[in-house]
Amino acid sequence: KINGTENCSEDYAGQKNWRIENVALKEGENTFEFWGEDGAGNKTSPQTFNVTVDFASPALTDKQSLPEYIAKNETKIASFTFEDSYGIENIVCTATLNGNPVTEGFTYQAPIMPALTAEGTISITADSTDKNGQWVFHIKAIDCAGRESSEITLSTFVDSEIPSSL
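Cut-offs and rules
- Within every chain, residues take consecutive numbers counted from 1 along the sequence as written.
- Reporting of local features is limited, given that this is a predicted model, to residues whose pLDDT is at least 70; pairs of side-chain atoms are given and counted only at 80 or more, and all residues count toward the totals for whole chains, interfaces and linings.
- Side-chain descriptors were evaluated using all non-hydrogen atoms of the structure, hydrogens and water having been removed beforehand.
- Here a salt bridge means any side-chain nitrogen of Lys or Arg lying within 4 Å of a carboxyl oxygen belonging to Asp or Glu.
- Any residue under 20% of the maximum accessible area for its type is buried, any over 50% is exposed, and the rest in between are partly exposed; the area is computed with a 1.4 Å probe on protein chains only.
- Comment: elements are numbered from the N terminus, with helices defined as DSSP H or I runs of at least four residues and strands as E runs of at least two.
- The criterion used for residue contact is that any of the two residues' heavy atoms lie within 4.5 Å.
- pLDDT is defined as a per-residue confidence score from the predictor, taking values between 0 and 100.
- Nine residue types can take part in a nonpolar core, namely buried Ala, Val, Leu, Ile, Met, Phe, Trp, Tyr and Cys, and a core is a set of them joined through side-chain atoms within 4.5 Å.
- Each pair of aromatic rings taken from Phe, Tyr and Trp, with Trp reduced to its six-membered ring, is defined by centres within 6.5 Å and is described as stacked if the planes are under 30 degrees apart, edge-to-face if over 60, and tilted in the remaining cases.
- Two N or O atoms count as a polar contact when they lie within 3.5 Å, although within protein this holds only if one can serve as hydrogen donor and the other as acceptor, and sequence-adjacent residues are included solely when both atoms are side-chain atoms.

A. Quick peek at the pattern of salt bridges. Counting across every chain of the model gives 1 salt bridge. The partner of glutamate 148 in a salt bridge is lysine 140, and the shortest N-O contact between them spans 3.1 Å. By relative accessible area, lysine 140 is classed as partly exposed at 21%.

Written out as structure tokens, the structure reads:
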């Protein structure tokens, strides 16, 4: 039975392996129950196990964005909320500076992963001590089933240099 409904009535006599195909599982927890029955109708005790099915991608929402420019002595924080019914496995944040990949030099804070939390907040800090230029951040959440949220892209220009005199 799957979720209380008989799904298999075929004879698997003598076989150790069997399968059920084309079963419509529901979102969330699904309960499988199985037992053996001999030719005389004697049944073993039922065994059960649960499988959680996750069809939905996680949600990632821009809560506070970065301004168009970050000037000398400024610090700005972008924050996002993430949510998934069954847990987030990872938050991925990549950055480019003037179109080139950046692996360090920006601050990115997220909960320790894999925390398997269903919701939370992440933040990116950009300030005038970062290298000058056009910064672009790409952020996405990945849930425990491997599904990805839509990507959020943020862009800001760090300009900590005082203009030269005319």
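B. How the structure looks around the side chain of threonine 96. Secondary-structure assignment places threonine 96 in strand E5 (residues 75-97). By relative accessible area, which is 18% here, threonine 96 ends up buried. When neighbours within four sequence positions are excluded, threonine 96 is seen to be in contact with Pro101, Val102, Gln134, Trp135 and Val136.

C. How the structure looks around the environment of aspartate 159. Along the polypeptide, aspartate 159 turns up in strand E10 (residues 152-159). Along the primary structure aspartate 159 and glycine 133 are separated by 26 residues, whereas in three dimensions their C-alpha atoms are 6.6 Å apart. The contact partners of aspartate 159, leaving out residues within four places of it in the chain, are Ile70, Ala71, Lys72 and Asn132.

D. Structural view of unusual backbone geometry. We note that asparagine 98 has phi near 55 degrees; this positive angle belongs to a residue other than glycine. Mapped onto the elements of the fold, asparagine 98 is located in the loop between E5 and strand E6 (100-102).

E. Inspection of the confidence of the model for the protein chain at higher detail. When pLDDT is averaged across the protein chain, the result is 78; 76% of the residues are at 70 or more. Per-element confidence in the protein chain ranges from a low mean pLDDT of 53 for strand E7 (residues 107-109) to a high of 89 for strand E2 (residues 47-53). Low confidence marks residues 111-116, where pLDDT is under 50. Its contacts with residues over four positions away, or in another chain, come to 12 contacts.

F. A look at the nonpolar core. By size, the foremost hydrophobic cluster in this structure holds 20 residues, and its most contacted members are Phe80, Trp135, Phe137, Ile139 and Leu154. Elements represented by at least two residues in this core include exactly E5, strand E9 (133-143) and E10. The biggest single contributor to this core is E5, with 8 residues.

G. Quick peek at the packing of aromatic side chains. Within this structure, the stated rule accounts for 4 aromatic pairs. Both rings, one in phenylalanine 32 and one in phenylalanine 49, keep their centres 5.0 Å apart while their planes meet at 5 degrees; by these two values the pair is stacked. Remark: phenylalanine 49 occurs in strand E2 and phenylalanine 32 occurs in strand E1 (residues 28-34); sequence separation between them is 17 residues. Within the aromatic cluster, the residues linked to one another by ring pairs are Phe32, Phe34 and Phe49.

H. Fine view of the environment of proline 67. Mapped onto the secondary structure, proline 67 falls in the loop between strand E3 (59-64) and strand E4 (69-71). The spatial distance from the C-alpha of proline 67 to the C-alpha of isoleucine 77 is 9.3 Å, given a sequence separation of 10 residues. Apart from residues lying up to four places away in sequence, proline 67 is in contact with Lys76, Ser155 and Thr156.

I. A look at the side chain of threonine 156. Here threonine 156 is to be found in strand E10. Within polar-contact distance, the side chain of threonine 156 engages the backbone oxygen of proline 67 at 2.7 Å. With residues up to four places along the chain from it excluded, the contact list for threonine 156 reads Leu66, Pro67, Glu68, Tyr69, Ile70, Gly133, Gln134 and Trp135.

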